[in-house]
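# Structural features, examined
Below, each chain spelled out in residue letters.
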Amino acid sequence: MRPGNNLEIYGSLLLGLLLYLLPWAGVGLTFRPDFVLLVLLYWLIRAPYACNVGVAWMMGIVIDLADGSLFGQHALAYIVAAFLALMYQRRVTLFNRLQQAGFVFALLIIAQIVLLIVKLFGGDQPAGWTYFLPSLTGIMLWQLVIYSKIKVSGDENRG
Amino acid sequence: MIRRVTLQQQQPPAFFVRGPSPFARLVFFSALSIVLMAVDSRLHYLNEVRQGFATLLYPLEVVASAPVRIYRHVNSYFVDQKSLAQENQRLTTFAMNQALDLQRLTNTEAENAHLRLLFEARQKLKPSTQLAEILHTGRDPFVHKVEVNIGTQQGVAPGQAVVDGFGVIGQVTRAYPFTSEVTLITDKSLVIPVQIARNGLRAIAFGHGRDSTLYVPYLPTSVDIKEGDKLMTSGIDNTYPEGLTVALVTRIERDPNSPFAHIICTPAAGTDRRRQVLIITGSLITPPSPISKKVSHAPRQ
């Protein structure tokens, strides 16, 4: 059986959404990693046949609804990251720990940059460097994937 | 070893079951996102759709905020002696400061008379208010919004003013069935007509969008305004009742090259200080405008 049935995927996405919906405020908000995108990236690399660009788009729309922000901005950011993850999916499963962490970090940053561009077009003020803190905390959270049994390659011998 | 075998077994089908290529999907969904963004920002067709789906998300939000609610509840039971002593000391200091303020009462009597006039004017309007509790502050650091726990079921409608004990907080911008979204006066999309309490000068304050401040554009450099001046609502917009504190002037820059003074204010009300806010749900009784009913939009920069 392939890893990642629908229950696992959508269950974990729901869990990520719940974490995202926790009443974060103040410092917590600036550090909050993008749980939903992390879960999405994990499944995109682990089970690309079950979790694809469409799922990423749907989760982005849900986040936009929850945020009350402009419809489609998170969706756009997520599908760009999802597309890049799928492009390199076969290679990522062969990456070592450092390469994998770097790859995922780049994807998180790219998603944030897409979001930032949309926001700047919408007339928002440019944010400071703290805007990218969620990507840092996100990649720290990704270490959980690297150093535990839920590896993206589905192979416990490789890193 | 078993895992390795399953990996080899699972690989071949993955080549066949992929459907449209990721690139095709990317193009399709980006087009969809961009269309959605354009429709949402320019045409405002999606408000009903958004309301419907937000109601579906409401149970999830309740579940998500449950741990924090439980934590607060439990925490209030376990107050230790040290924190009580600290609070006692803080309150004693507070009481002493208040005693000092009482002695200064005579000096502020003139101001008080003026305030009483404003208060009476406000009493005449008798706006009905509803107590709301802030569920969470906005999740987007770019937007200055909070979500409160009452909605259209309790009579909240978009456009209603939101205040607390210190002054104006903002305005309801979206009302869902059980929650509503309040845009703070510091948000860059919110404009509020104000009056300087000291001399009655009318002006318009814009949210700055950053640093939780407001700014007052379009006032000449020679304008009679000082740091520490209090800005109050003028009540000429039929939205905010008259005489509520909005902000205090904190910085004035008079640049000789610019025809306008650069005035920065900090809001008097604070959403970080209180969890409860008042929503003014009753309509304000004002005589109809003799010229026209049309609302003219305030000019933006």
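It should be noted that the structure appears before, not after, this text.
First, a word on what this report is: a plain description of the structure on this page. (Residues numbered from 1 in each chain as written. Chains lettered and ligands numbered in written order. Predicted model: local features only at pLDDT ≥ 70, side-chain atom pairs only at ≥ 80, totals over all residues. Heavy atoms only, no water.)

### Concerning the overall build of chain B
Scanning chain B for helices and strands turns up five helices and twelve strands. Considering only contacts in chain B between residues 6 or more positions apart, those separated by 24 or more positions represent 57%. Just so you have it, chain B exposes about 18,600 Å², and 60% of that area is on carbon and sulfur atoms. (Helix = DSSP H or I, 4+ residues; strand = E, 2+ residues; numbered from the N terminus. Contact = heavy atoms within 4.5 Å. Areas by Shrake-Rupley, 256 points an atom, 1.4 Å probe, with all protein chains shown as cover.)

### Some details on a nonpolar patch on the surface
Among the surface-exposed residues, I70, V74, Y77 and F78 of chain B lie close enough to one another that they form a single nonpolar patch of about 500 Å² accessible area. Along the chain, the position of I70 of chain B falls in helix α3 (residues 47–77). (Patch = residues over 30% accessible without salt bridge, like charges linked within 9 Å, V, L, I, M, F, W, Y side chains within 5 Å. Salt bridge = Lys/Arg side-chain N within 4 Å of Asp/Glu carboxyl O.)

### Section: helix α8 (residues 133–146) of chain A
An α-helix turns once every 3.6 residues. As a result, residues three or four positions apart point the same way. Residues and elements named next belong to chain A. Over its 14 residues, α8 extends 20 Å from the first C-alpha to the last, a length consistent with the 20 Å expected when each residue adds 1.5 Å. Turning to α8, its buried residues are L133, P134, S135, T137, G138, I139, W142, V145 and I146. Looking at the packing, one finds that the buried side of α8 touches α2 (27–31), α3 (35–46) and α7 (97–121). (Expected span 1.5 Å × (residues − 1). Buried < 20%, exposed > 50% of the residue type's maximum accessible area, 1.4 Å probe, protein only.)

### Some points on the pairing of strand β6 (residues 191–196) of chain B
Residue and element names in this part refer to chain B. Note that β6 and strand β7 (residues 202–207) share five bridges and pair antiparallel. Directly across from I192, in β7, lies its bridge partner A205. Following β6, the chain reverses through five residues before pairing antiparallel with β7; G200 in that reversal takes a positive phi of roughly 75°. Looking at chain direction, β6 and strand β9 (residues 230–233) are connected through three bridges and run antiparallel. Bridged to V194 within β9 is T233. (Pairing = 2+ DSSP bridges.)

### Looking at the nonpolar core
Generally speaking, soluble globular proteins have nonpolar side chains that are buried together. Core analysis: the biggest nonpolar cluster contains 67 residues, and V36, L40, L41, Y78, I79 and W142 of chain A have the highest contact counts within it. Excluding its chain neighbours within four sequence positions, the residues that come into contact with I79 of chain A are V53, A56 and W57 of chain A together with L26, F29, S30 and S33 of chain B. With 26 residues, the next largest nonpolar core counts A205, V246, V249 and I263 of chain B among its residues. (Core = buried A, V, L, I, M, F, W, Y, C linked by side-chain atoms within 4.5 Å.)

### Digging into the sheet that holds β6 of chain B
The antiparallel closed barrel is built from six strands, whose spatial order is β6-β7-β8-β11-β10-β9 (chain B). Here the strands of the sheet are splayed against their neighbours by 40° on average, with no regard to which way each runs. (Axes fitted to C-alpha atoms, helices over the stretch in contact; angles between N-to-C directions.)

### Some points on the interface of chain A and chain B
Counting from both sides, the interface comprises 56 residues of chain A and, opposite them, 46 residues of chain B. Each partner contributes to the roughly 4,500 Å² buried at the junction of chain A and chain B, and carbon and sulfur atoms together form 64% of this total. Summed over the shared surface of chain A and chain B, the number is zero salt bridges. Where chain A packs against chain B, one counts four residue pairs in polar contact (both at pLDDT 80 or more). Elements represented by at least two residues in the side of chain A that touches chain B include exactly α1 (6–21), α4 (53–67), α5 (73–87), α6 (89–92) and α7 of chain A. (Buried area = accessible area lost by both parts, 1.4 Å probe. Polar contact = N/O pair within 3.5 Å; in protein donor to acceptor, adjacent residues only side chain to side chain.)

### Describing the pattern of salt bridges
Residues and elements named next belong to chain B. Inspection of every chain in the model, using the stated rule, returns six salt bridges over all chains. Between R50 and D40 there is a salt bridge whose closest N-O contact spans 2.8 Å. One end of the pair, R50, is in helix α3; the other, D40, is in helix α2 (residues 22–43), and ten residues separate them in sequence. Both residues of the pair, R50 and D40, count as buried. With a shortest N-O distance of 3.6 Å, E181 and K145 are connected by a salt bridge. In this pair, E181 sits in strand β5 (residues 180–184) while K145 sits in strand β2 (residues 145–148), placing the two residues 36 residues apart along the sequence. We note that E181, like K145, is buried. Salt bridges sharing partners connect three or more residues here, namely K145, R174 and E181.

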